[in-house]
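# Inside the fold
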Amino acid sequence: MGETIEATAHIASAMRADAPPAIVLENVNKWFGALHVLREVNLQVATGERVVVCGPSGSGKSTLIRCINRLEVHQQGRISVDGIELTDDLRSLDAIRREVGMVFQSFNLFPHLTILENCTLAPIWVRRMPKKEAEELAMEYLTRVRIPEQAKKYPGQLSGGQQQRVAIARALCMKPKIMLFDEPTSALDPEMIKEVLDTMVMLAATGMTMICVTHEMGFARQVADRVVFMDRGEIVESGEPEALFNDPKTDRLRLFLSQILRGH
Amino acid sequence: MSDITLGQTPASTAPRSAPPVAATGAMAWARANLFNSWLSTAVTLLLAYLIIRYSISFVEWAFFNAIWQVPVVNGQAQTAACREIKGVGACWAVITEKHRFILFGTYPYDEHWRPLLVCFLFVGLYVISAMRRFWNWRLVPIWVGTLTLIGILMWGGLFGLSYVPQERWGGLPITLILSTFGLAFAFPLAILVALGRRSKLPAIKMLCILYVELIRGVPLISLLFMASVMFPLFLPEGMNIDKLLRAQIAITLFAGAYLAEVVRGGLQALSRGQYEAADALGLSYWHKTGFIILPQALRLVIPPLVNTFIGFFKDTSLVLIIGIFDLLTAGKTAIVEPAWQGFGVEVYITVGLIYLVFCFAMSKYSQDLERDLNQHRRR
């Protein structure tokens, strides 16, 4: 723990320092039973910033981003998203979930609904958008992720890569300000990883604020403004991808990078 | 996840071979399944002998030697002919003579068109509800309207229909009323209880667990006794709730507890990811439940759900112990008359067939529904 770099070091964003922060985490702690899964986590993400979170499994990276839209509840500290603090107040929670889109490792499409219905459900019922308008919007995003021709099919009829692209389109249909990606390519066959990463690169180019938990170092280098390395529930190092990968300051990151590279 | 096509893969150079010639046809099937060893040949022949022998004697009893009508003298059926062939031929005359009593119980004879119409209304209601084209809000007024109409027809006292007290109702309409009203209320109740059992609010959760465990831990018969004997003791003097209604409530509560557990099984089968995805999209609890969770959970439990429905349809016959004349009780009562005593088999076969028609229809429909609604799971 002695090698943890000062918490304040992570707060300053390298890019767009003038923009207001989209996400602020201050001294966030969380336990699963006796297991301390998040320890004094401090992180600020500026609007438009792309952050990649990496770390060994069990390091708390998924828990961290799941706290941001309150799929997990943090127990100590403060989290605010888009200027709204995350509390037990249901109205603020609804407001935040409307603004934060999430893509899961296991896609989590709704299998009983068609691709189009998957994309239009939330805009119609949460955003109160007329059905026709929601469908046009959905088709627009499905075109953007390059699968408009699958709109009438069910998720089970699509390949993993296609399903994950639908999941991205579904989240985008809510016009979120922030997108969270929880290991979006980890459940995919190797030949499908690229199509999903390409979609994410394209999304990054639109200036979307993104936090992405991934082991795809190539993606991190190409897209991330900042990479955050977590281990055992704490943020150990963070910085621009090239600096972080080429010149790790801590043994923990060095070990992790060597394992990642050996694995690939 | 594996239906990616690799367009550039060169065609395989291995020689194409035809699949092994399948042995097809009835003869091949019979050889493979019925006569594949001396033992199975022996068993096949023995069973074929028994099946044919008993089928022939049943057909002889039920059709060739049967008596379909007996003379009636001064309102007394002359059943001597039937008694002579007892054991050799069926006496369907009991059905010919008594079918109206079996179907409608002690309902006034001249008004039998009313319960008959009620039965048709019920069947019509089932048919309409079964068609998925009608699965929208319009089903609610259709149900409310039809059930009201059924009430008016049965009770009368309105529009020039004579009043018929509930004590005189009986037969098939009672069975249909008990099971239809029972299911119509028990099913929504079950869904709420199943959701409540998974609620984060401890009070609601406890209440639902208590309900299910209490009701499930008691035989239906004791619930019916309680409804008919004990429940009136708690009512204020002079107030009286219809006996049928009390039985109806007992049956509804009973079915609700069982159905709730079936529905809960479906809720538990869904992955957490489905809940999380709905949450992450900002769907409210009721939107999430109504659009994502229940449609999937209920599809998963169609077989056990229909299983419970069918069991429950037949369980309504237990109301006989508190003196309500459902179809089975009416059948039983029809042969109390001295002239017809001893012709139970014919009556029970007929009543059984009526139950079978309804239960088989439910079963067949559920198979179709399961196939149609789970299309998304096929590739």
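Below or above, wherever it landed, is the structure these notes cover.

Conventions adopted
Residues numbered from 1 in each chain as written. Chains lettered and ligands numbered in written order. Predicted model: local features only at pLDDT ≥ 70, side-chain atom pairs only at ≥ 80, totals over all residues. Heavy atoms only, no water. Helix = DSSP H or I, 4+ residues; strand = E, 2+ residues; numbered from the N terminus. Rg over C-alpha atoms; globule rule 2.2 N^0.38 Å. Buried < 20%, exposed > 50% of the residue type's maximum accessible area, 1.4 Å probe, protein only. Contact = heavy atoms within 4.5 Å. Areas by Shrake-Rupley, 256 points an atom, 1.4 Å probe, with all protein chains shown as cover. Lys, Arg positive; Asp, Glu negative; His and termini not counted. Charge placed at Lys NZ, Arg CZ, Asp CG, Glu CD. Phe/Tyr/Trp six-rings, centres within 6.5 Å; stacked < 30°, edge-to-face > 60°. 1 Å grid on protein atoms, 1.4 Å probe; cavity = no way out; pocket = protein on both sides within 12 Å on 5 of 7 lines; lining within 4 Å. Points joined across faces, edges and corners; volume = space filled by probe spheres on them. Nonpolar A, V, L, I, M, F, W, Y, C, P; charged D, E, K, R; others polar. Salt bridge = Lys/Arg side-chain N within 4 Å of Asp/Glu carboxyl O. Polar contact = N/O pair within 3.5 Å; in protein donor to acceptor, adjacent residues only side chain to side chain. Buried area = accessible area lost by both parts, 1.4 Å probe. Pairing = 2+ DSSP bridges. Axes fitted to C-alpha atoms, helices over the stretch in contact; angles between N-to-C directions. Parallel < 35°, antiparallel > 145°, perpendicular 65-115°, else oblique. Left-handed = near helix turned anticlockwise from the far one by under 90°.

Next up on the list: the overall build of chain A. When helices and strands are counted, chain A shows ten helices and ten strands. Taking 264 residues into account, the globule formula puts the C-alpha radius of gyration at 18 Å, and chain A, at 18 Å, falls close to it. In terms of its C-alpha atoms, chain A occupies a principal-axis envelope of roughly 55 × 45 × 40 Å. Evaluated residue by residue, chain A yields a buried proportion of 58% over its 264 residues. A sequence separation of at least 24 residues applies to 68% of the contacts in chain A between residues at least 6 apart. Taken as a whole, chain A presents about 11,000 Å² of accessible surface, with 52% of it coming from carbon and sulfur. Positive and negative charge centroids in chain A, built from 31 and 34 side chains respectively, lie 4 Å apart.

Remark: the centre distance and the inter-plane angle together describe each pair of aromatic rings, the angle taken between the planes. Residue and element names in this part refer to chain B. As enumerated under the stated definition, the model contains eleven aromatic pairs over all chains in all. Centroid distance Trp-61 to Trp-92: 6.0 Å. Interplanar angle 65°. Geometry classified as edge-to-face. Here the residue Trp-61 occupies a position in helix α2 (residues 38–64), and Trp-92 occupies one in the loop between α3 (80–84) and α4 (93–104), the gap between them amounting to 31 residues. A residue is classified by how much of its surface remains accessible, and Trp-92, at 13% relative accessible area, is buried.

Bringing empty space enclosed by the protein into the picture now. Following the criterion strictly, the structure yields one cavity of 30 Å³ or more and no others. One number sums up the size of the largest cavity: a volume of about 50 Å³. Lining the largest cavity are Val-100, Gly-101, Met-102, Phe-104, Ala-167, Arg-170 and Ala-171 of chain A together with Ala-277, Ala-280 and Leu-281 of chain B. Among the secondary structure elements, those contributing two or more residues to the lining of the largest cavity are β6 (100–103) and α6 (160–172) of chain A together with α11 (272–280) of chain B. Looking at the lining of the largest cavity residue by residue, the classes come out as eight nonpolar, one polar and one charged.

Let us look at the pattern of salt bridges. A full pass over the atoms with the stated rule returns 32 salt bridges over all chains. Residue Glu-195 of chain A pairs with Arg-165 of chain A through a salt bridge whose shortest N-O separation is 2.9 Å. Residue Glu-195 of chain A is found in helix α7 (residues 190–205), and its partner Arg-165 of chain A is found in helix α6; the two are separated by 30 residues along the sequence. Per residue, the accessibility class of Glu-195 of chain A equals that of Arg-165 of chain A, and both read buried. A salt bridge links Glu-261 of chain B to Arg-264 of chain B; the shortest N-O distance between them is 2.9 Å. Residue Glu-261 of chain B and its partner Arg-264 of chain B are located together in helix α10 (residues 243–269), separated by three residues, close to a single helical turn. Glu-261 of chain B gets classed as buried once you look at its relative accessible area, which sits at 18%. The exposure class of Arg-264 of chain B is buried, given its relative accessible area of 19%. Each member of the salt-bridge network shares a partner with another, and the members are Arg-132, Lys-364, Asp-368, Arg-371 and Asp-372 of chain B.

Let's shift gears to the layout of surface pockets. All names here are of chain B. Of the voids in this model, the largest pocket is the one considered here, and its volume is about 2,000 Å³. Secondary structure elements with two or more residues in the lining of the largest pocket: α5 (113–130), α6 (139–155), α7 (172–197), α12 (285–300), α13 (302–315) and α15 (344–373). No other element matches α7, which puts nine residues into the lining of the largest pocket. Split by residue class, the lining of the largest pocket holds 32 nonpolar, six polar and one charged. Around the second largest pocket sit 32 residues that line it, and Lys-200, Tyr-275, Asp-279, Tyr-285 and Lys-288 are the ones nearest its centre. For the lining of the second largest pocket, the leading source of residues is α12, giving five residues. For the lining of the second largest pocket, the class distribution of residues is 14 nonpolar, six polar and twelve charged.

Examined against the element boundaries, Asp-225 of chain A turns out to sit in the loop between α8 (217–223) and β9 (226–231). At a separation of 2.8 Å, a polar atom in the side chain of Asp-225 of chain A contacts the main-chain amide nitrogen of Arg-50 of chain A.

What follows covers the interface of chain B and chain A. Listed per partner, the contact involves 23 residues of chain B and 31 residues of chain A. Approximately 2,500 Å² of surface area, both sides summed, lies buried where chain B meets chain A, with 63% of it carried by carbon and sulfur atoms. Among the ionic pairs, Arg-66 of chain A bridges to Glu-276 of chain B, the shortest N-O distance being 2.5 Å. Viewed at the interface, chain A and chain B are joined by five residue pairs in polar contact (both at pLDDT 80 or more). Elements with a contribution of two residues or more to the side of chain B that touches chain A: α11 and α12 of chain B. Among the elements that line the side of chain B that touches chain A, the one with the most residues is α11 of chain B, at eight residues.

As a further point, take the sheet that holds strand β1 (residues 21–32) of chain A. Residues and elements named next belong to chain A. Spatially, β2-β1-β4-β5 is the arrangement adopted by the four strands of the open sheet, whose pairing is antiparallel. Sheet topology places β2 (35–46) and β5 (84–85) at the edges, where each strand pairs with a single neighbour. The pairing of β1 with strand β4 (residues 76–81) spans five bridges and is classified as antiparallel. Bridge pairing in β4 links Leu-25 to Ile-79.

When you tally the buried positions in helix α2 (residues 61–68) of chain A, you get seven out of eight residues, the bulk of the element. All of the buried residues along α2 of chain A are Lys-61, Thr-63, Leu-64, Ile-65, Arg-66, Cys-67 and Ile-68 of chain A.

Moving on: the packing of α6 of chain A against α7 of chain A. Residues and elements named next belong to chain A. At their nearest, the axes of α6 and α7 sit 8 Å apart, and the two run at 20° to each other. Considering the angle they form, α6 stands roughly parallel to α7. With respect to the hand of their crossing, α6 and α7 are arranged in right-handed fashion. Counting all contacts with α6, which are made through Gly-160, Gly-161, Gln-162, Gln-164, Arg-165, Ile-168 and Leu-172, the residues of α7 involved are Met-192, Glu-195, Val-196, Thr-199, Met-200 and Leu-203. Residues of the contact of α6 with α7, tallied by class, amount to six nonpolar, five polar and two charged.

Here the focus is the pairing of strand β10 (residues 234–239) of chain A. All names here are of chain A. Most of β10 is tucked away: five of the six residues are buried. Sheet analysis places β9 next to β10, joined by five bridges and oriented antiparallel. Within the sheet, the bridge partner assigned to Val-228 lies in β10 and is Ser-238. Linking β9 to β10, which pair antiparallel, is a turn of two residues; within it Arg-232 sits at a positive phi near 45°.

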